[in-house]
Amino acid sequence: MANVGLQEFADALLQPGGPVPSGVINPDGAPATKRFDVYRNNVIVSLIEALASRYPVVQKLVGEAFFQAMAREFVTAHPPSSPVMLGYGQDFPLFLEEFPPAASLPYLPGVAQIENARRTAYHAADVAPIDPAVLETVSPERFESIKFQTHPSLSLIQSDFAIRSIWQANSQGTDLDVPVDTAESVMICRPVMDVEVRGLPDGAYAFLTEVENGLSLGEAVQAGMLASPVFDLATTLTGALAAQIFTSFQLK
């Protein structure tokens, strides 16, 4: 192979049917079209396989053939930006929101968000969660001023569709027991060993989002109540502590 620019070479790899980069030649000096096409196909296939590994439920929902075609579109439009493939495909849920052939499955981006968050949570840093008993040291009049630090593996997702139920049914092989258009909010976290996907009660998504953003407990409660008239702090806080999503706290 003669001299060839790295950027030209990389760009050509993700252009099926495109020309061979200048400088990629056979011993006789002719363009090495067949050899480069094989190499190009192997690269694209490897990236598609990486997406399938990250989004197995999405692939199950649309079928392997559709997923392969959809993933190929993504790969050619979103090449890797790093040689470390651990995070490749994180923006796939956003791609699905704007992918017309998948418009008939409006819940698909939300399901993809769950799968992406699970992979991210699995590789997040290890931080010990707080012991709920330490909250007993806070006087009642100061409780609203608590600011929690959330676990680095935490992700919060809100959808107009039953994304957790759909993901669970297709990952565990069970029946979907709610209508597809049931709104669901989800919390993903891995405080210890296993990644957990938990459903959230009404208003909890707004509450926990503000907690994650650094607001005090009192301020977050207001957000939860605005989001839902049936928001219940005790239920939400008990669930969050059971999920071990808080790693420390301070008083405002």
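Before reading further, recall that the structure is shown in the block above.
Right, let's walk through the structure included here. Quick caveat, the model's predicted, so the values are computed rather than measured.

## Considering the pattern of salt bridges
Counted under the stated rule, the structure contains two salt bridges. The salt bridge partner of arginine 190 is aspartate 126, with a shortest N-O separation of 3.0 Å. In this pair, arginine 190 sits in the loop between strand E3 (184-189) and strand E4 (196-199) while aspartate 126 sits in the loop between helix H6 (108-122) and strand E1 (146-150), placing the two residues 64 residues apart along the sequence. Arginine 198 is the salt-bridge partner of glutamate 196, the closest N and O atoms lying 2.8 Å from each other. Judged by relative accessible area, arginine 198 falls into the partly exposed class, the value being 27%.

## Some thoughts on the sheet that holds E4
The three strands lie next to each other as E2-E3-E4, forming an open sheet whose pairing is antiparallel. Every other strand in the sheet has two partners, leaving strand E2 (155-159) and E4 as the edge strands with one partner each. Taken pair by pair, the neighbouring strands of this sheet meet at an average axis angle of 20°, ignoring direction. Sheet strands in contact with helix H8 (residues 204-212) are E2 and E3, and its direction is about 145° off that of E2.

## A few points about the nonpolar core
By size, the foremost hydrophobic cluster in this structure holds 36 residues, and its most contacted members are Leu51, Val58, Phe67, Met70 and Phe92. The residues contacting leucine 51, other than those within four sequence positions of it, are Phe67, Ala71, Phe74, Val75, Tyr88, Gly89 and Phe92. In this structure, Leu154, Ala204, Leu208 and Ile245 belong to the second largest nonpolar core, which totals 24 residues.

## Overview of the packing of aromatic side chains
Under the criterion given, the structure shown has eleven aromatic pairs. For the pair phenylalanine 74 and tyrosine 88, a centre-to-centre distance of 6.0 Å together with 55° between the ring planes defines the contact as tilted. Here the residue phenylalanine 74 occupies a position in helix H4 (residues 64-77), and tyrosine 88 occupies one in the loop between H4 and helix H5 (92-97), the gap between them amounting to 14 residues. The pair phenylalanine 74 / tyrosine 88 is uniform in exposure class, with both members buried. Ring centres of phenylalanine 148 and phenylalanine 246 lie 4.0 Å apart, and the angle between their planes is 10°; on these two criteria the pair is classed as stacked. With phenylalanine 148 in strand E1 and phenylalanine 246 in strand E5 (residues 246-251), this residue pair connects regions lying 98 residues apart in the sequence. Take phenylalanine 148 and phenylalanine 246: they sit in the same class, and that class is buried. A connected cluster of aromatic rings, assembled from ring pairs, spans Tyr55, Phe66, Phe67, Phe74, Tyr88, Phe92, Phe95 and Phe99.

## Re unusual backbone geometry
A positive phi angle, close to 60°, is found at glutamine 244, a residue other than glycine. Structurally, the position occupied by glutamine 244 is in the loop between helix H10 (233-242) and E5.

## A short note on the side chain of glutamate 115
The residue glutamate 115 is located in helix H6 in this model. For the buried glutamate 115, no salt bridge exists, and the shortest N-O distance to an oppositely charged side chain is 5.9 Å, to arginine 118. Here valine 58 takes part through its backbone nitrogen, which lies 3.0 Å from a polar atom of the side chain of glutamate 115. Once residues lying within four places of it in the same chain are set aside, the contact partners of glutamate 115 are Arg54, Tyr55, Pro56, Val57, Val58 and Trp167.

Conventions and cut-offs
Residues numbered from 1 in each chain as written. Predicted model: local features only at pLDDT ≥ 70, side-chain atom pairs only at ≥ 80, totals over all residues. Heavy atoms only, no water. Salt bridge = Lys/Arg side-chain N within 4 Å of Asp/Glu carboxyl O. Helix = DSSP H or I, 4+ residues; strand = E, 2+ residues; numbered from the N terminus. Buried < 20%, exposed > 50% of the residue type's maximum accessible area, 1.4 Å probe, protein only. Pairing = 2+ DSSP bridges. Axes fitted to C-alpha atoms, helices over the stretch in contact; angles between N-to-C directions. Contact = heavy atoms within 4.5 Å. Core = buried A, V, L, I, M, F, W, Y, C linked by side-chain atoms within 4.5 Å. Phe/Tyr/Trp six-rings, centres within 6.5 Å; stacked < 30°, edge-to-face > 60°. Lys, Arg positive; Asp, Glu negative; His and termini not counted. Polar contact = N/O pair within 3.5 Å; in protein donor to acceptor, adjacent residues only side chain to side chain.

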